[in-house]
Amino acid sequence: MDKKAELKIDGETYYLPVVEGTEQERGLDISKLRAESGCITLDIGYKNTGSTKSDITFINGEEGILRYRGYSIEELCEKSNFIEVAYLLIYGELPTKEQYDEFENDIRRHTIIHEDLKHYYDAYPQRAHPMGVLASMVSSLSLYYPESLDPNPPEDQIDRHIRRLIAKITTIAAQSYKNSMGHPMMYPDNKLNYAENFLHMMFALPTENYEVNPTLARALDMLLILHADHEQNCSASTVRMVGSSQANIYATISAGISALWGPLHGGANQAVIEMLEKIKEDGGDSKKWIEKAKDKDDPFRLMGFGHRVYKNFDPRAKIIKSECDKVLAELNVNEPILEIAKELEEHALSDDYFAEKKLYPNVDFYSGIMYKAMGIPTEMFTVLFAIGRLPGWIAQWKEMREGKEPINRPRQIYTGYNERSYNPIDKRS
Ligand code: CMC
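These notes cover the structure that comes with them. On a predicted model such as this, the values are computed, not experimentally measured, just so you know.

## As for the pairing of strand S4 (residues 57–60)
Logical step 1: Side chains of S4 alternate between two faces, with Thr57 and Ile59 and Phe58 and Asn60 buried alike.
Logical step 2: Hairpin geometry of S4 and strand S5 (residues 65–68) is characterised by an intervening segment of 4 residues between the two adjacent antiparallel strands and by a positive phi of about 70° at Gly64.

## Here we look at the nonpolar core
Logical step 1: Counting residues in each nonpolar core, the largest one holds 118 residues, and the members touching the most others are Tyr68, Leu134, Leu276 and Leu302.
Logical step 2: Those residues in contact with Leu302 that lie beyond four places of it in its chain are Met275, Ile290, Ala293, Leu344, Ala348 and Phe354.

## Describing helix H9 (residues 214–227)
Logical step 1: For H9, built from 14 residues, the straight-helix expectation of 20 Å at 1.5 Å per residue is met to within 8% by its first-to-last C-alpha distance of 20 Å.
Logical step 2: Of all 14 residues in H9, 12 are buried; the element is thus mostly enclosed.
Logical step 3: Taken as a whole, H9 has its buried residues at Thr215, Leu216, Ala217, Ala219, Leu220, Asp221, Met222, Leu223, Leu224, Ile225, Leu226 and His227.

## Some details on the packing of aromatic side chains
The geometry of an aromatic ring pair comes down to the distance between the two centres and the angle between the two planes.
Logical step 1: Counted by the stated rule, this structure contains 15 aromatic pairs.
Logical step 2: Their ring planes at 75° and their centres at 5.2 Å tell us that Phe305 and Phe365 sit as a pair that is edge-to-face. With Phe305 in the loop between helix H13 (286–294) and helix H14 (315–331) and Phe365 in helix H17 (residues 363–373), the pair connects residues that are 60 residues apart, well separated along the chain. For the residue pair Phe305 and Phe365, the accessibility class agrees, reading buried in each case.
Logical step 3: Geometrically, the ring pair formed by Tyr353 and Phe354 is edge-to-face, given 5.1 Å between the ring centres and 70° between the ring planes.
Logical step 4: Owing to a relative accessible area of 18%, Tyr353 belongs among the buried residues under this scheme.
Logical step 5: What makes Phe354 buried here is its relative accessible area of 3%.
Logical step 6: Three or more aromatic residues link up through ring pairs in this structure, and these residues are Phe305, Tyr353, Phe354, Phe365 and Tyr366.
Logical step 7: Here the guanidinium or amino end of Lys292 rests over the ring plane of Trp289, the centre of that ring lying 5.1 Å away.
Logical step 8: Across from the ring centre of Tyr417, 3.2 Å away, lies the NZ or CZ of Arg420, which sits over that ring.

## Observations concerning the environment of Ala135
Logical step 1: Position of Ala135 relative to the elements: it lies in helix H6 (residues 130–144).
Logical step 2: The exposure class assigned to Ala135 is buried, which follows from its relative accessible area of 9%.
Logical step 3: As a C-alpha pair, Ala135 and Ala255 span 120 residues in sequence and 7.2 Å in three-dimensional space.
Logical step 4: Each residue touching Ala135, except ones within four places of it in the same chain, is listed here: Ser254, Ile257 and Ser258.

## As for a nonpolar patch on the surface
Logical step 1: On the surface, Leu42, Ile44 and Ile413 cluster together into a nonpolar patch covering about 350 Å² of accessible area.
Logical step 2: Tracing the sequence through the fold places Leu42 in the loop between helix H1 (33–37) and S4.
Logical step 3: Owing to a relative accessible area of 59%, Leu42 belongs among the exposed residues under this scheme.

## Some points on the site of the ligand
Logical step 1: Around the ligand lies a shell of 22 residues, among which His265, Arg301, Leu302, Gly304 and Arg308 are the nearest.
Logical step 2: For the ligand, an oxygen atom lies 2.5 Å from a polar atom in the side chain of His265.
Logical step 3: Contact between the ligand and Lys296: an oxygen atom at 3.1 Å from a side-chain N or O atom of the residue.
Logical step 4: The fraction of the free accessible surface of the ligand (930 Å²) that becomes covered by protein chains is 79%.
Logical step 5: Looking at side-chain class alone, the shell around the ligand contains 10 nonpolar, 5 polar and 7 charged residues.

## Topic: the sheet that holds strand S1 (residues 4–9)
Logical step 1: In spatial order, the strands read S1-S2-S3; together these 3 strands make up an open sheet with antiparallel pairing. This sheet does not close on itself; its edge strands, each paired only once, are S1 and strand S3 (26–28). Strand-to-strand twist in this sheet, taken as the mean axis angle between neighbours without regard to direction, amounts to 30°.
Logical step 2: Bridge count between S1 and strand S2 (residues 12–20): 6 bridges; the pairing is antiparallel. Counted as the bridge partner of Leu7 is Tyr14 from S2.

## Notes on a positive patch on the surface
Logical step 1: On the surface, Lys47, Lys296, Arg301, Arg308 and Lys357 cluster together into a positively charged patch.
Logical step 2: Within the secondary structure, Lys296 sits in the loop between H13 and H14.
Logical step 3: For Lys296, a relative accessible area of 68% translates into the label exposed.

Rules used throughout
Residues numbered from 1 in each chain as written. Predicted model: local features only at pLDDT ≥ 70, side-chain atom pairs only at ≥ 80, totals over all residues. Heavy atoms only, no water. Buried < 20%, exposed > 50% of the residue type's maximum accessible area, 1.4 Å probe, protein only. Helix = DSSP H or I, 4+ residues; strand = E, 2+ residues; numbered from the N terminus. Pairing = 2+ DSSP bridges. Core = buried A, V, L, I, M, F, W, Y, C linked by side-chain atoms within 4.5 Å. Contact = heavy atoms within 4.5 Å. Expected span 1.5 Å × (residues − 1). Phe/Tyr/Trp six-rings, centres within 6.5 Å; stacked < 30°, edge-to-face > 60°. Lys NZ or Arg CZ within 6 Å of the ring centre and 35° of its normal. Patch = residues over 30% accessible without salt bridge, like charges linked within 9 Å, V, L, I, M, F, W, Y side chains within 5 Å. Areas by Shrake-Rupley, 256 points an atom, 1.4 Å probe, with all protein chains shown as cover. Salt bridge = Lys/Arg side-chain N within 4 Å of Asp/Glu carboxyl O. Near = heavy atom within 4 Å. Polar contact = N/O pair within 3.5 Å; in protein donor to acceptor, adjacent residues only side chain to side chain. Nonpolar A, V, L, I, M, F, W, Y, C, P; charged D, E, K, R; others polar. Axes fitted to C-alpha atoms, helices over the stretch in contact; angles between N-to-C directions. Lys, Arg positive; Asp, Glu negative; His and termini not counted. Charge placed at Lys NZ, Arg CZ, Asp CG, Glu CD.

Shown next, in the form of structure tokens:
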């Protein structure tokens, strides 16, 4: 028998169906509540609200579990690669050899951006933040592929947009860095794999020989896998919400990029390094900054700590931490802020405030450190998060579309003035 929860409002009982997921997560279906009772539910920040049912990613925040389509990220990091994981997220199953080759080949073939798009970079200020450039350029792609404006395109066209986006996002991102340096654009080298090609476009120069370091390329590929999806976070929810209005896929993904930019979301990886630099300039006393983070009157928060869902540890952070040590040793990196990071982590983990509130280092704490060690410029950190998250956004968008979800339109409890009369300006005090 279907389970139902009982809700009493003013002596009247309402029955709410209990919905259960494949991992026994339970939710109350309130979709008919307003029609039946006149009440809505209030959950500011959606801390307790399921916005959809999804087959894509499973997270158990208490136990630190993260799985894409049923596969643990630990296993995917060890045995798969980013392009295969992208296929898995978007199409629901691991590809056959034939499907993989076709997908990978399509992505390799689409890496070049339209020559006219290169002129856009001339108009951005040289110090333009690459996340702003990325969001604008991705949205601009819709102008070059106007067929994307059709809200009901044929499936093969959707696939082309998807592959184009995955291919071009690295070229757009690398060019925004080259632009900020005043360096010439490096065209993609399609003999290279996805991570290698990105490193080539970022760091090669026409005047020098550049060999991609395989340790860096593998580490980058792993970081992309770890960022590939994270169920209904702020940017994925933005993508589903914008997409639900039938805005085109490029505009929709651009909205996701903008949502990711904030320091409480993907922008935290940049904020971590900026925080560590600040602590270093201030004399390197990490305990003092821990105290600042605990002080309710001080707006400072320990960036890279805490998570809405993970309350024991962030499994992504665990993998990056162990990889980070290996990469630092292999690249022979000696960076003073990395010492501060270690100290800060040790102090925070042994502090009651952080233990009580279940605040642990999250993915952005270690990824920021790792990107720094890899020589990635700080302002590009969140761009790398966006490149990694792209398959997840696409998968969320595709699921929302195929599930024919209605336009997202939450309600509110109005707390403003009741009706009042307009006072002419000369009568106002
Ligand atoms: N430093 C100090 N105190 C903190 C921190 C922190 N980093 N994070 C949370 N708290 C405190 C917070 O003040 C609150 O205390 P109280 O209950 O006394 O008011 C309590 O812990 C709960 O915090 P919250 O802000 O209500 O929790 P939330 O679920 O709304 O926020 C968060 C989650 C990630 C936004 C938050 O922990 C934070 O701001 N962390 C720093 C930014 C960061 O690292 N963001 C990256 C998240 S991981 C990447 C991603 O998936 O986006």
